Amino acid sequence: MSPVGRAPRRPNILMVMSDQHRGDAYGFEGRRVHTPHLDQMARAGTRFSACITPNVACMPARCSVLTGLLPLTHGVHDNGIDLDEGLAQQGFAGSLSRAGYRSHFIGKAHFSSNHSYGDRPTGRCENIPSAPQFGPGWQGPYMGFDRVELMQLGHNYWLPDPAPGGLHYERWYHGDGLGELKNALYSQHVGAPVQGAQTHSSALPVAWHNSTWVGDRTVEMLREQGRRERGGDDTPLCAWVSFADPHHPFDAPVPWSLLHRPDEVDLPPHRQRDLERRPWWHRAALENTPGGTPATRKIRQEYSRIGPQTDEQFRQIVANYYGMISLIDHQLGRLQNTLREEGLLEHTLVVFTSDHGEWLGDHGLVLKGPMFYEGLMRVGLLVQGPGVPAGRVVADPVSTLDLAATFGDYAGTPVASAAHSRSLRPLIEDRPGADRDHALNEWRLGPSRCGVALDLRAVRTRDAKLTLELDSGAGELYDLVNDPYECENRFDDPAYRGLRQALTDRIMARPPDVRASFCEPVGPA
């Protein structure tokens, strides 16, 4: 019980996010991936089994988590568009900071574009040409967070920038003068040769890997919070900790790359491309020539697309992807241990989720794009902390944009921007009338990404999913109960006409606050 006359203690809030981590790539989901700490978190807390991302690309999804808004309202409807800094200040980090929280971001943010057309500086810290403007002593504020420790990219298609470029991770990586050695080790492949696309068993020692760095910095942040609390400082912490994996390239370092044997991993049951059975934009997105400059077109064709793979290649990709996840799981275990050691665990709300998923062989596809299969749209969402029931599974469809209002609810303060966000606390606590019946996803793509402009809107319920391409009127409808692998498109099936109309009505009932105009992209999508 709180002392007489003293308000109840507000919880610390720790959100841990992975990148491109599909919603079934957890041990507790039945996949053959080693995630003991995530499995324990699911047992100790509540998980949402039908959580989707509001957008299947990094920047729009992350900006929705921060602001509690759908992408066509916060304006970042694809990568390459910087989030408005004034709006970001109204997100959960800025709102909780103004309410007395200490806010901290560690890892990959991606609220602003890393790359810019013509390598022109945008003035944002995450922008590669602008990074030298933010010297070694700079630690924020940024996007509502009081303090930040950032990595610029974290995906080693681009190796860490040496000084004067880079941000906190890159400067640490090169700061001991061994950056070139680390790069050379990263480029070495360990073990048997692999043919899986963008798959590489890296010789970079785990101690230098960015997942370890994120874990190290977070451990230190939690130890600092413990010291403050023991010293009588009751200022609560709100932190977003963001790992850059298991985003491609699939390059887990040894020994994590060797943890899962390719011949023992699970493959999706339907892993053949069947574009003739899909809406027109599936083939267009895979086969059209991307727009943009020659340099960005090359990246889109080499880095953002993977061609058909054999089963052996799929197995190599999945094994390495699982290794990246297991390394993150190991870091989560370190964070849980630190929370316990510092006396923080009982009054800290811990959330684990991802920005979006990964096809990982579904329908013969790898990576991400405008085909909203479950592996890409559904993400894990685990919650643990004070008042959170253990072992509870919520099957209602929800969205990661609901986290903004959820954090505000637990902190006892409204989040100014979060007009589309609904607190998950009533669902966590199983309150009467808390049921949800659908969640929304939207993505407006220009031709620079995959050679075709698209305006996609989607809705997912417990049992079904509808995607509409508004400009052409085409769509796809899947019965997730009878067709969980989304093999039969029921969009034009007369027997599903009523369901199609009901789901269309839900999409069209989206709040009427889509922006009348959008900012021009500063960089490639």
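Scroll up to find the structure.
Definitions and cut-offs
Residues numbered from 1 in each chain as written. Predicted model: local features only at pLDDT ≥ 70, side-chain atom pairs only at ≥ 80, totals over all residues. Heavy atoms only, no water. Salt bridge = Lys/Arg side-chain N within 4 Å of Asp/Glu carboxyl O. Helix = DSSP H or I, 4+ residues; strand = E, 2+ residues; numbered from the N terminus. Buried < 20%, exposed > 50% of the residue type's maximum accessible area, 1.4 Å probe, protein only. Pairing = 2+ DSSP bridges. Phe/Tyr/Trp six-rings, centres within 6.5 Å; stacked < 30°, edge-to-face > 60°. Lys NZ or Arg CZ within 6 Å of the ring centre and 35° of its normal. Contact = heavy atoms within 4.5 Å. Polar contact = N/O pair within 3.5 Å; in protein donor to acceptor, adjacent residues only side chain to side chain. Axes fitted to C-alpha atoms, helices over the stretch in contact; angles between N-to-C directions. Parallel < 35°, antiparallel > 145°, perpendicular 65-115°, else oblique. Nonpolar A, V, L, I, M, F, W, Y, C, P; charged D, E, K, R; others polar. Core = buried A, V, L, I, M, F, W, Y, C linked by side-chain atoms within 4.5 Å.

Draft legend 1. Fine view of the pattern of salt bridges. If you walk through the whole model with that rule in mind, you get 47 salt bridges. When the shortest N-O distance is used, the salt bridge between D233 and R102 registers 2.9 Å. Of this pair, D233 sits in the loop between helix 8 (210-230) and strand 6 (237-242) while R102 sits in strand 4 (residues 102-108), and the two are 131 residues apart along the sequence. In this structure R102 comes out as buried when scored by relative accessible area, which is 18%. Between R462 and D396 there is a salt bridge whose closest N-O contact spans 3.0 Å. Residue R462 is found in the loop between strand 13 (454-460) and strand 14 (464-469), and its partner D396 is found in the loop between strand 10 (392-394) and strand 11 (398-399); the two are separated by 66 residues along the sequence. For R462, a relative accessible area of 47% translates into the label partly exposed. Judged by relative accessible area, which is 6%, D396 ranks as buried. Bridged by salt links that share partners, the residues R22, D24, R31, D266 and D362 form one connected network.

Draft legend 2. The sheet that holds strand 3 (residues 51-52), seen in detail. Here three strands make up an open sheet; going across it, the order is 8-3-11 and the pairing mixed. Of all strands in the sheet, those bounded by a partner on one side alone are strand 8 (378-379) and strand 11. Taken together, the two bridges between strand 3 and strand 8 define a ladder with antiparallel strand orientation. Across the sheet, I52 pairs through a bridge with R378, a residue of strand 8.

Draft legend 3. Spatial organisation of the packing of aromatic side chains. A full pass over the atoms with the stated rule returns 22 aromatic pairs. Between F105 and F111 the ring centres are 5.8 Å apart and the planes differ by 75°, which places this aromatic pair in the edge-to-face class. Between F250 and Y321, the aromatic rings sit 6.0 Å apart at their centres with planes inclined by 75°, giving edge-to-face as the arrangement. Of this pair, F250 sits in the loop between strand 6 and helix 9 (280-287) while Y321 sits in helix 11 (residues 311-341), and the two are 71 residues apart along the sequence. The exposure class of F250 is buried, given its relative accessible area of 0%. Among the aromatic side chains, those forming a connected cluster through ring pairs are F92, F105, F111, F134, W138, Y142, F145, W240 and F407. Positioned above the aromatic ring of Y173, the side-chain terminus of K182 is 5.1 Å from the ring centre. A cation over a ring is seen here: R500 above F491, with NZ or CZ 3.7 Å from the ring centre.

Draft legend 4. Molecular detail of the environment of D176. Residue position: D176 is located in the loop between helix 6 (168-175) and helix 7 (179-187). C-alpha separation for the pair D176 and R120, spaced 56 residues apart in sequence, amounts to 29 Å. Excluding anything up to four places from it in sequence, D176 contacts K182 and W208. Within the structure, the side chain of D176 is placed 3.0 Å from the backbone nitrogen of L178, a separation counted as a polar contact. At a separation of 3.1 Å, a polar atom in the side chain of D176 contacts the side chain of K182.

Draft legend 5. Spotlight on the packing of helix 1 (residues 36-44) against helix 11. Orientation of helix 1 relative to helix 11, taken along the N-to-C sense of each, is 55°, at an axis distance of 7 Å. As summarised for this structure, helix 1 and helix 11 are arranged oblique, according to the angle between their axes. When helix 1 is examined against helix 11, the residues P36, H37, L38 and M41 are found in contact with a partner set consisting of D329, H330, L332, G333 and Q336. Here the residues of the contact of helix 1 with helix 11 are counted per class, giving four nonpolar, four polar and one charged.

Draft legend 6. The sheet that holds strand 9 (residues 381-384), seen in detail. The sheet built from eight strands is open, its strands ordered 5-4-6-1-7-9-2-10 with mixed pairing. The open sheet is flanked by strand 5 (147-151) and strand 10, the only strands paired with a single partner. Adjacent strand axes in the sheet meet at a mean angle of 10°, parallel and antiparallel pairs treated alike. Packed onto the sheet, helix 1 meets strand 2 (46-48), strand 7 (348-354) and strand 9 and runs at close to 60° relative to strand 9. Docked against the sheet, helix 8 engages strand 1 (12-18), strand 4, strand 5 and strand 6, running at close to 165° with respect to strand 4.

Draft legend 7. Geometry of the nonpolar core. In this structure, F48, L66, F92, F111, F145, L150 and W240 are the most contacted members of the largest nonpolar core, which totals 53 residues. The leading source of residues in this core is helix 13 (residues 403-411), at five residues. Filtering out sequence-adjacent residues up to four positions away, L150 remains in contact with F105, G107, A109, C125, W138, Y142, L167, H168, Y169, E170 and W213. Listed in part, the 33 residues of the second largest apolar core include V241, A244, L332 and F352.

Draft legend 8. Broad picture of unusual backbone geometry. Across the junction of G140 and P141, the peptide omega takes the value 5°, indicating a cis bond. Cis peptide bonds are those with omega within 30 degrees of zero, and the linkage from A163 to P164 qualifies with 10°. The phi angle at M143 is positive, at roughly 55°, despite the residue not being glycine. Along the chain, M143 falls in the loop between strand 4 and strand 5. Of the residues examined, M143 reaches a relative accessible area of 2% and is grouped as buried. One non-glycine residue with positive phi stands out, namely L360, at about 50°. Within the fold, L360 resides in the loop between strand 7 and helix 12 (374-377).

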